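Architecture and fold: a report
One-letter residues, chain by chain:
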Amino acid sequence: TGCEVFGPLVEPQPWIVELPALRELAPSELPRGTARGFEFKAPVIETPIYMAWLEQRVRALGATLRTRRVLFFEEAFLTAPLVVNATGLGARELAEDEDLHAAAGQVLRVEHTGSDRFWFDFSGPQPTYVIPRANDVVLGGSLEDEHADEAARRAMLEGIRARCRKLDPQLANARELGTQRGLRPARSVVRLEAEKPGPERMLIHDYGHGGAGVTLSWGCAEEVARLARSWRDG
């Protein structure tokens, strides 16, 4: 169970009414500086645990996992007639996609404060979220220039600390455990489409999910599978 809050003059998206166990927060429950908020239930994952689980599931279904460097799609087609291009930022070069770019972001981890409620506030210029996990709490986030200097990165971390503490004051004295910075594969829209380089080959592109990779993953995977079945069945 967690909450999403909205600043003054920011209206929630209409689809919020579809969320499970939805309840609008009373004014006394709202964090300082916010105008509206909603409590609801949603899945929360711990990425390292989840990714390991996904790998185990794939292996259990009979797949073989190999890691290799591929510079051209022709190299991939030497192994299989069906290729799914889910290379993230690698698609900039592999698919020669100039629309794809890196969107840098930072998070920091703090010790658990005892609260298991997540918080979201996406109504400001930077996304703000507090996500409790089993052994820590993840605080974020940011949208930054890929080549931001060290001073700009430190300033962004300070901003994350301040915004998250406003959402959840219990975080004020939480001991910090570490920070992370990464690059998201961002694009004007997700590229999910099929093309046929030859009569006996199928190439499916699936990349450009930005910071919503987990959110969109199952739906995109289902569409990739549909395209693959359509090609296989002719």
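In this convention, every chain numbers its residues from 1, walking through the sequence in written order. Since the coordinates come from a predicted model, pLDDT governs what is reported: local features require at least 70, and pairs of side-chain atoms require 80 or more to be given and counted, while whole-chain, interface and lining totals use all residues. Calculated side-chain values reflect all of the structure's heavy atoms, with hydrogen atoms and water omitted.

1. What about the nonpolar core?
Our working definition: As used in this record, nonpolar core signifies buried Ala, Val, Leu, Ile, Met, Phe, Trp, Tyr and Cys residues forming a set joined through side-chain atoms within 4.5 Å. In this scheme, a residue with accessible area under 20% of its type's maximum is buried, one over 50% is exposed, and one in between is partly exposed, where area comes from a 1.4 Å probe on protein chains only. A run of H or I in DSSP becomes a helix once it reaches four residues, and a run of E becomes a strand once it reaches two; helices and strands are each numbered from the N terminus. Working rule for contacts: check all heavy atoms of both residues, and any pair within 4.5 Å makes them a contact.
Membership of the largest hydrophobic core comes to 16 residues, with the highest contact counts inside it found for Val110, Trp119, Val130, Leu139 and Leu171. Listing elements by their share of this core, those giving two or more residues are strand E1 (2-6), strand E5 (101-110), strand E8 (137-140) and helix H4 (150-167). Examining the composition of this core, we find that four residues originate from one element, H4, more than from any other. Apart from the residues lying within four places of it in its own chain, the contact partners of Val130 are Arg117, Phe118, Trp119, Val137, Val138, Leu139, Cys164 and Leu171.

2. Structural notes on the side chain of Asp136
Convention followed: N or O atoms within 3.5 Å of each other form a polar contact, as long as, within protein, one can give a hydrogen and the other can take it, and as long as residues adjacent in sequence are counted only when both atoms are side-chain atoms.
By secondary structure assignment, the location of Asp136 is in the loop between strand E7 (128-132) and E8. At a separation of 3.1 Å, a polar atom in the side chain of Asp136 contacts the side chain of Arg109. In this view, Asp136 contacts Arg109, Val110, His112, Ile131 and Leu177; residues no more than four positions away in its chain are not counted.

3. Focus on the pattern of salt bridges
Formally: A carboxyl oxygen of Asp or Glu within 4 Å of a side-chain nitrogen of Lys or Arg is what we treat as a salt bridge.
Within this structure, the stated rule accounts for 19 salt bridges. Put simply, Glu111 and Arg175 hold a salt bridge, and the shortest N to O gap is 3.5 Å. Residue Glu111 is located in the loop between E5 and strand E6 (118-121), and its partner Arg175 is located in the loop between H4 and strand E9 (176-186); the two are separated by 64 residues in the primary sequence. Close ionic contact of Arg226 with Glu223 constitutes a salt bridge, the shortest N to O distance being 2.7 Å. Here Arg226 and its partner Glu223 are both found in helix H5 (residues 213-232), three residues apart, which amounts to about one turn of the helix. Through salt bridges with shared partners, a single network forms among Arg23, Glu29, Glu39 and Arg117.

4. Observations concerning the sheet that holds E1
Note the following rule: Two strands are counted as paired when DSSP detects at least two bridges linking them. All axes are obtained by fitting lines to C-alpha atoms, using only the stretch in contact for helices, and the reported angles, taken between N-to-C directions, cover 0 to 180 degrees.
Sheet architecture is open: eight strands sit in the order E2-E3-E1-E6-E7-E8-E5-E9, paired in mixed fashion. Sheet topology places strand E2 (23-24) and E9 at the edges, where each strand pairs with a single neighbour. Examined bridge by bridge, E6 and E7 share three bridges and lie antiparallel to one another. Considered in E7, the bridge of Phe120 is made with Tyr129. This element, H4, spans E1, E5, E6, E7, E8 and E9 of the sheet and lies at about 55° to E5.

5. Some points on H5
Rules: Helix span, as expected, comes to 1.5 Å for every residue beyond the first. Note that the bend at a residue is defined as the angle between axes fitted to the seven residues ending at it and the seven residues starting at it.
Under the 1.5 Å per step criterion, the end-to-end length of H5 is 27 Å for 20 residues, consistent within 8% with the ideal 28 Å. For H5, the principal kink sits at Gly219 and spans about 30°. Within the sequence span of H5, burial applies to Cys220, Val224, Leu227 and Ala228. Count one or two residues on from H5 and you reach Gly234, which has phi positive near 75°.

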